[in-house]
Amino acid sequence: LLRKLKRPTAIRSLKSMRFLHHYRAAHSTANSDKFMRNESVFHEPLHQLDTEKQTFGCRHTNPDICAKNALPKVCALVRKDKICYSPPQSWAKQFQKLKVDRKD
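Residues numbered from 1 in each chain as written. Predicted model: local features only at pLDDT ≥ 70, side-chain atom pairs only at ≥ 80, totals over all residues. Heavy atoms only, no water.

Draft legend 1. How the structure looks around the pattern of salt bridges. In this structure the tally under the stated criterion is two salt bridges. Among the ionic pairs, Asp-50 bridges to Arg-59, the shortest N-O distance being 2.8 Å. Summarising the burial analysis for this pair, Asp-50 and Arg-59 share the class buried. Asp-81 serves as the salt-bridge partner of Arg-79, at 2.8 Å between the closest nitrogen and oxygen. Since its relative accessible area comes to 16%, Arg-79 is described here as buried. (Salt bridge = Lys/Arg side-chain N within 4 Å of Asp/Glu carboxyl O. Buried < 20%, exposed > 50% of the residue type's maximum accessible area, 1.4 Å probe, protein only.)

Set out below in structure tokens:
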């Protein structure tokens, strides 16, 4: 299959798809190959490393729907420092709300 693909970008895309497939297969649970849904994580108190543009840990209520899920330099689930550089779109507003709550 790789020989049929002539463009380098297509080969890189195919390799990244394989990586995600192997990563998810290796990290699947016994019951499901998906991460557990967590409704409360979005509303938890702020961590000292949280900002409007990044979060400590994943703040998605369902990480499977995140477009950046399992990307090595972006996703908190695979980064060693547990920083997510692609929080949910609504995170900036939630951050401001939690910031005000923390001051009270």
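Draft legend 2. Helix H2 (residues 91-103), seen in detail. The terminal C-alpha atoms of H2 lie 18 Å apart, and with 13 residues this matches the ideal 18 Å at 1.5 Å per residue to within 8%. For H2, every residue scored as buried is listed here: Trp-91, Gln-94, Phe-95 and Leu-98. In an axial view of H2, the angular spread of the buried residues amounts to 105°, which keeps them on one side of the axis. What points out from H2, more than 90 degrees from its buried face, is the exposed set Lys-93, Lys-97 and Lys-103. Summarising the contacts, the buried residues of H2 are in contact with strand S1 (55-56). (Helix = DSSP H or I, 4+ residues; strand = E, 2+ residues; numbered from the N terminus. Expected span 1.5 Å × (residues − 1). Arc of directions from axis to C-beta. Contact = heavy atoms within 4.5 Å.)

Draft legend 3. Spotlight on the environment of Gly-57. Along the polypeptide, Gly-57 turns up in the loop between S1 and strand S2 (83-84). The sequence separation of Gly-57 and Ala-76 amounts to 19 residues, and the corresponding C-alpha distance is 5.3 Å. Beyond its immediate sequence surroundings of up to four residues, Gly-57 is in contact with Ala-76, Lys-82 and Cys-84.

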